[in-house]
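What follows is each chain in one-letter form.
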Amino acid sequence: MATTTVTAASTATATSSANSSAADDFVNNFLSDLTPLLALFGDQATKQFLSLSTSWADNIMVAMGPLGILTIVVSAIRVSNLKGLKALIGRARESFASAEVEVLSSTSKDVSERYNGNEIIRKEAKTETMEFIYRQWTEEDYFPWDVQGSSTTRENENLAFGLKEACLNGVIKSTDDSLQRMPPSNLTLHVPNAIVPAWQLWLFALFALAVQSVVLILSAISIYRWHTKKAGKIVNSYAYPCFLAGTIALSAGLIICAHTIDGSTERANFELANPFSAPKSYKIIRIQRSAENELNSWAISNSPDDRMLRTSRSHNAKYGAMTATGSFLAIAGYLAQYLGSRRLPWSSAIMQLVATILITAIRAYVRRGLANAPHAV
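Residues numbered from 1 in each chain as written. Predicted model: local features only at pLDDT ≥ 70, side-chain atom pairs only at ≥ 80, totals over all residues. Heavy atoms only, no water.

**Considerations on the packing of aromatic side chains**
Under the convention used in this document: Ring pairs shown here join Phe, Tyr and Trp side chains whose ring centres sit within 6.5 Å, with only the six-membered ring taken for Trp; geometry is labelled stacked below 30 degrees between planes, edge-to-face above 60, and tilted in between. Helical segments are the DSSP runs of H or I of at least four residues, strand segments are the runs of E of at least two, and each set is numbered from the N terminus. Think of it in three bands: with a 1.4 Å probe and only protein chains considered, a residue is buried below 20% of the maximum accessible area for its type, exposed above 50%, and partly exposed in between. The criterion is that NZ of a Lys, or CZ of an Arg, lies within 6 Å of the ring centre and within 35 degrees of the ring normal, and then a charge sits over that ring.
Applying the stated rule across the entire model yields three aromatic pairs. Look at Phe-204 and Tyr-365: their rings are 5.8 Å apart centre to centre, the planes differ by 75 degrees, and that puts the pair in the edge-to-face class. Pair noted here: Phe-204 is in helix 8 (residues 198-224) and Tyr-365 is in helix 11 (residues 346-366), with a separation of 161 residues, a long-range link. A relative accessible area of 18% means that Phe-204 is categorised as buried. Measuring from ring centre to ring centre gives 6.3 Å for Tyr-334 and Tyr-338, while their planes differ by 15 degrees; the resulting arrangement is stacked. A residue pair is termed a helical-turn pair when its members lie 3 or 4 positions apart in one helix, as Tyr-334 and Tyr-338 do in helix 10 (residues 320-341) at four residues. Classification of Tyr-334 by relative accessible area gives buried; the value is 11%. Overall, Tyr-338 belongs to the partly exposed group, its relative accessible area being 24%. Over the face of the ring belonging to Tyr-365 we find Arg-368, whose NZ or CZ atom lies 4.2 Å from the ring centre.

**Thoughts on the pattern of salt bridges**
Think of it this way: side chains of opposite charge can pair up when their charged atoms draw near. This is how the line gets drawn: For salt bridges, the criterion is a side-chain nitrogen of Lys or Arg within 4 Å of an Asp or Glu carboxyl oxygen.
Tallying each qualifying case throughout the model produces nine salt bridges. A salt bridge links Asp-58 to Arg-367; its shortest N-O distance comes to 3.1 Å. Here Asp-58 is found in helix 3 (residues 56-63), whereas its partner Arg-367 is found in the loop between helix 11 and strand 10 (375-376), with 309 residues between them in sequence. On the basis of relative accessible area, Asp-58 is assigned to the buried category, the value being 0%. For Arg-367, a relative accessible area of 5% gives the class buried.

**A look at the nonpolar core**
Operational definition: Grouping buried Ala, Val, Leu, Ile, Met, Phe, Trp, Tyr and Cys residues that are joined through side-chain atoms within 4.5 Å yields what is termed a nonpolar core.
Counting 37 residues, the largest nonpolar core has Met-61, Met-64, Leu-254 and Val-366 as the members making the most contacts within it. At the level of secondary structure, the elements contributing two or more residues to this core comprise helix 2 (43-50), helix 3, helix 4 (69-79), helix 6 (96-103), helix 8, helix 9 (239-262), helix 10 and helix 11. Counting eleven residues, the second-largest nonpolar core is a separate cluster that includes Ala-166, Val-171, Ala-268 and Leu-309.

**Focus: the packing of helix 3 against helix 9**
Put simply, the test is: As a rule, the C-alpha atoms of each element are fitted with a line to give its axis, helices using only the stretch in contact, and angles between N-to-C directions run from 0 to 180 degrees. Orientation categories follow fixed angle ranges, with anything under 35 degrees roughly parallel, anything over 145 roughly antiparallel, 65 to 115 roughly perpendicular, and all other angles oblique. By convention the crossing between two helices is left-handed if the near helix lies anticlockwise of the far one by an angle smaller than a right angle, and right-handed if it lies clockwise. Note on contacts: a residue pair qualifies if any of its non-hydrogen atoms lie within 4.5 Å across the two residues. Polar here means any residue other than Ala, Val, Leu, Ile, Met, Phe, Trp, Tyr, Cys and Pro, which are nonpolar, and Asp, Glu, Lys and Arg, which are charged; Gly is therefore polar.
As a packed pair, helix 3 and helix 9 sit with axes 8 Å apart at the nearest point and diverge in direction by 140 degrees. One finds that helix 3 runs oblique with respect to helix 9. Note that helix 3 runs across helix 9; the crossing there is right-handed. Within the contact between the two elements, helix 3 uses Trp-56, Asn-59, Ile-60, Val-62 and Ala-63 and helix 9 uses Ser-251, Leu-254, Ile-255, Ala-258, His-259 and Asp-262. Classifying every residue of the contact of helix 3 with helix 9 gives seven nonpolar, three polar and one charged.

**Brief notes about helix 11**
Helical geometry note: an α-helix holds 3.6 residues per turn, so side chains three or four residues apart project in the same direction. Under the convention used in this document: The span expected for a helix works out to 1.5 Å for each residue beyond the first.
With 21 residues, helix 11 extends 30 Å from end C-alpha to end C-alpha; this agrees with the ideal 30 Å at 1.5 Å per step. Every buried residue of helix 11 is accounted for by Ser-348, Ala-349, Gln-352, Leu-353, Ala-355, Thr-356, Ile-359, Ile-362, Arg-363 and Val-366.

**Here's the deal with the side chain of Glu-113**
For clarity, the cut-off: A 3.5 Å cut-off defines polar contacts: any pair of N or O atoms within that distance qualifies, except that in protein one atom must be a possible hydrogen donor and the other a possible acceptor, and neighbouring residues in sequence count only when both atoms are side-chain atoms.
Note that Glu-113 resides in strand 1 (residues 112-115). Among the polar contacts listed, one links the side chain of Glu-113 to the side chain of Arg-122, at a separation of 2.7 Å. Separated by 2.7 Å, the side chain of Glu-113 and the backbone nitrogen of Leu-187 make a polar contact. Other than its neighbours up to four places away in sequence, Glu-113 contacts Ser-105, Thr-107, Ile-120, Ile-121, Arg-122, Thr-129, Asn-186, Leu-187 and Thr-188.

**Overview of the confidence of the model for the chain**
As a reminder, the rule being used: Note: pLDDT gives the predictor's confidence per residue, expressed from 0 to 100.
Looking at the chain, pLDDT values average 77 and 73% of them are 70 or higher. Every residue in residues 1-24 scores below 50 in pLDDT, and together they form zero contacts with partners more than four places removed in sequence or on other chains. The low-confidence segment residues 141-157 (pLDDT under 50) makes 39 contacts with residues lying over four places distant or belonging to another chain.

The structure is reproduced here in structure tokens:
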């Protein structure tokens, strides 16, 4: 009788231990699988960030603690000229304008930006916005230039310059020597805080890089120094090397893909020249005319202290090989990272998840200006 009781107790203990082990395995696998799978989502947030990427700092930021990995790869393929890869993702017959609307900052003869009274919308349509420099002078002002064909006497209280005329007469200075093809008006680039200063971009980019590096370092310390186990078992020898190599390859591939997107646009800035003596007496103005019933006409101006006229146009760059390389590195890196993370302790997955959330919040802060409305009347 006693023997039967001991046997039953042993069986119950073993069953409880097995159930506990199974529960631990489930929790560990769930946490290890969750972070890599979440990284595949975030389509709209990723496109929003890519649409204003203008430098390597932006490219680094989007690749650290990535969100929307497939979106970045697909977007790079969409703006490339690789028809084979475009066919692979089901975009073989897609026009460049469709990709330009969604993931680029440029405007062109086929893509325009319009203000509907609440926000700026991008459409596949010819622009109906006229851009010019408007000058209203006072008795204290003077005009140090002589505009050919226009009188600069005090009888002319107001002057308006078209962009090309303003450049030719020194009213604004261009960073682009070519004035044969003035790019269409771009509204988003002039929204307050839409463009973050370069030093801030690099500060956030380096911080994001540091956060991703800390995850890799702490994971290595956890495994090789603290000997943290995976569900009570010793971590496989290939787990961390796969995770490390996969993360590096993934980041490098995403940086390359982001650069191909950034490089598909060509930007030129125009700055109001110094001869103006009264800064508040001039304005950069865009007149939006619309024949569509749902859109009104607007006069849109820069902020009073914004002296820049920013333009972005599509650039026919040859990034075919770079796009293919970046796409391969990103996909292969993701698979290696996923394989390694599944064999790592759950703490590594939690650290990567926290890093992704933190860096995503930073990216949203960098693009905070997109929630603002332009100065319109």
